[in-house]
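Analysis of the macromolecular model
Chain by chain, the residues run as shown.
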Amino acid sequence: MATINIIDVKKNYGAVPAVKGINLSVADGELIVLVGPSGCGKSTLLRMIAGLETISEGHVEIAGRNVNKAEPADRDIAMVFQNYALYPHMTVRGNLEYGLKNRGTERAEINRRVAEAAEILEIGPMLDRKPRELSGGQRQRVAMGRAIVREPAAFLFDEPLSNLDAKLRVQMRVEIRRLQRRLRTTSIYVTHDQLEAMTLADRLVVMNGGLVEQVGTPVAVYDRPASLFVASFIGSPPMNLVPIDVLRAADSASALALPADTDMVGLRPDALLVTKPVEPFVRLNATVELLEPIGGESHLHVRLRGSQQTVVLTVPGRPDFAENANIDVFARVGAMHPFNSDTGKRTDDSGFFNSSSRPR
Ligand code: ADP
């Protein structure tokens, strides 16, 4: 087990900066998820940690050792990729043993580690099969098994579930989480899927354009996104972002006090209600556009009075709203996220507003 420190790390491909200066400390046993849209530099950062990509500036420490010049094989890490990278002509057992044999590990020790990994991953009955005789989920487990038998200081996961179908992805996500909890191996996991990131991470690192936008527990990031980018990237359906003049045009009371420099308010779909709450609220007049039932709840799309702005509410059940009906929706003041659209940042960092949603 080990800590990983990423210090002022940059990567340029020729003149093109892919990673623009990242600092991050991963604690021993922690599972960190790097999340962000395609092209934000997640894989490049992970590959620099793995040694698969050179570092243009800064350095990476694994277990207190500067590994900038170390070969991938000498970094004491194991990587799990989306394409599994299994040897097709070898059995599962052969795939699990291969790296250990190459390192000259003793036979008894190889057998012990393979048996243990097979038990943890429940792939014992498949040890004599070839990869082509396995399902996608089973192959991914073998790929994880190959990482486990190495007993590395850290696991690095590069979108390991993106080749699996939706149901299997959810199942494997739970398995990876359980596995990491059991082994307590320091892990860095890359995904573009915000839901996968939310459910797996001890801490999220939200990246954008080669930089870190925010680091925190999934709940802290969800409850208090530091920027408009994070606000719109984390959460599904995404947070509604409403300019304050649009909000005021639809608001019958117009007495809302917001922090200085606020010109945009973020409202999660569950912070907007169709019935009047007991807590402080702003009443907004709106027109029903669409009701999308998604099972036990529905997404209600409404257009705010005085503008073309549509917002989405998550409402319980399948309420009977007619298209074009005029309704009031209630925005919970305590759940409003105030932003400045020029800086892209929150405007309540001093904490005098919305203090109820600060991370505990
Ligand atoms: P992500 O993993 O977040 O999708 P990447 O780390 O793959 O992003 O890429 C970050 C940026 O670096 C992108 O703009 C991408 O086009 C660029 N990039 C990645 N690999 C290379 C490469 N080998 N050569 C040139 N540009 C690259």
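Calculation rules
Residues numbered from 1 in each chain as written. Predicted model: local features only at pLDDT ≥ 70, side-chain atom pairs only at ≥ 80, totals over all residues. Heavy atoms only, no water. Domains from an automatic or database assignment. Buried area = accessible area lost by both parts, 1.4 Å probe. Salt bridge = Lys/Arg side-chain N within 4 Å of Asp/Glu carboxyl O. Nonpolar A, V, L, I, M, F, W, Y, C, P; charged D, E, K, R; others polar. Buried < 20%, exposed > 50% of the residue type's maximum accessible area, 1.4 Å probe, protein only. Helix = DSSP H or I, 4+ residues; strand = E, 2+ residues; numbered from the N terminus. Pairing = 2+ DSSP bridges. Right-handed = clockwise from strand over helix to strand, strands pointing away. Polar contact = N/O pair within 3.5 Å; in protein donor to acceptor, adjacent residues only side chain to side chain. Contact = heavy atoms within 4.5 Å. Core = buried A, V, L, I, M, F, W, Y, C linked by side-chain atoms within 4.5 Å. 1 Å grid on protein atoms, 1.4 Å probe; cavity = no way out; pocket = protein on both sides within 12 Å on 5 of 7 lines; lining within 4 Å. Points joined across faces, edges and corners; volume = space filled by probe spheres on them. Phe/Tyr/Trp six-rings, centres within 6.5 Å; stacked < 30°, edge-to-face > 60°.

**Looking at the domain arrangement of the protein chain**
Considered domain by domain, the protein chain is made up of domain 1 (4-228) and domain 2 (238-339). Both faces combined, the contact of domain 1 with domain 2 buries some 530 Å², and carbon together with sulfur accounts for 68% of it. Looking at the side of domain 1 facing domain 2, the largest losses of area belong to Tyr-222, Pro-225 and Leu-228, adding up to 85% of the total buried there. At the surface where domain 1 touches domain 2, the tally comes to zero salt bridges. In the side of domain 1 that touches domain 2, the residues fall into four nonpolar, one polar and two charged.

**Regarding the pairing of strand β7 (residues 154-158)**
If a strand is regular, its side chains alternate between the two faces of the sheet. Burial runs high along β7: five of the five residues are buried. Burial of β7 is two-sided: the residues Ala-154, Leu-156 and Asp-158 facing one way and the residues Phe-155 and Phe-157 facing the other way are all buried. By the bridge criterion, five bridges tie strand β6 (residues 77-81) to β7 in an arrangement that is parallel. Along β7, the bridge assignment pairs Phe-81 with Asp-158. Handedness of the β-α-β unit built from β7, helix α5 (residues 166-183) and strand β8 (residues 186-191) comes out right-handed.

**Points about the side chain of Ser-298**
Tracing the sequence through the fold places Ser-298 in strand β15 (residues 297-304). In this structure the side chain of Ser-298 is engaged in a polar contact, spanning 2.6 Å, whose partner is the backbone oxygen of Gly-317. Among all residues touching Ser-298, those that are not within four sequence positions of it are Leu-291, Glu-292, Pro-293, Leu-313, Thr-314, Val-315, Gly-317, Arg-318 and Pro-319.

**Section: the nonpolar core**
Ranked by internal contacts, the top residues of the largest apolar core, which has 43 residues, are Val-33, Val-35, Ile-123, Met-144, Tyr-189, Leu-204 and Ile-234. Discounting chain neighbours no more than four positions away, the residues touching Ile-234 are Val-35, Gln-194, Met-198, Leu-204, Val-206, Val-221, Tyr-222 and Arg-268. Counting residues in hydrophobic clusters, the runner-up holds 28 residues, among them Leu-24, Ile-55, Ile-62 and Met-207.

**A short note on the layout of surface pockets**
Taking a probe equal in size to a water molecule and rolling it over the atoms shows the remaining empty space. By volume, the largest pocket is sized at about 460 Å³. Residues of the lining of the largest pocket, tallied by class, amount to 13 nonpolar, three polar and three charged.

**Let's talk about the packing of aromatic side chains**
For the coordinates displayed, the defined rule picks out five aromatic pairs. Ring plane angle 10° and centroid distance 5.8 Å describe the contact between Phe-229 and Phe-233, whose orientation is recorded as stacked. Highlighted residues: Phe-229 and Phe-233, both in helix α8 (residues 228-233), separated by four residues, approximately one helical turn. Judged by its relative accessible area of 17%, Phe-233 falls in the buried class. Aromatic ring contacts, followed pair by pair, group Phe-155, Phe-157 and Tyr-189 into a single cluster.

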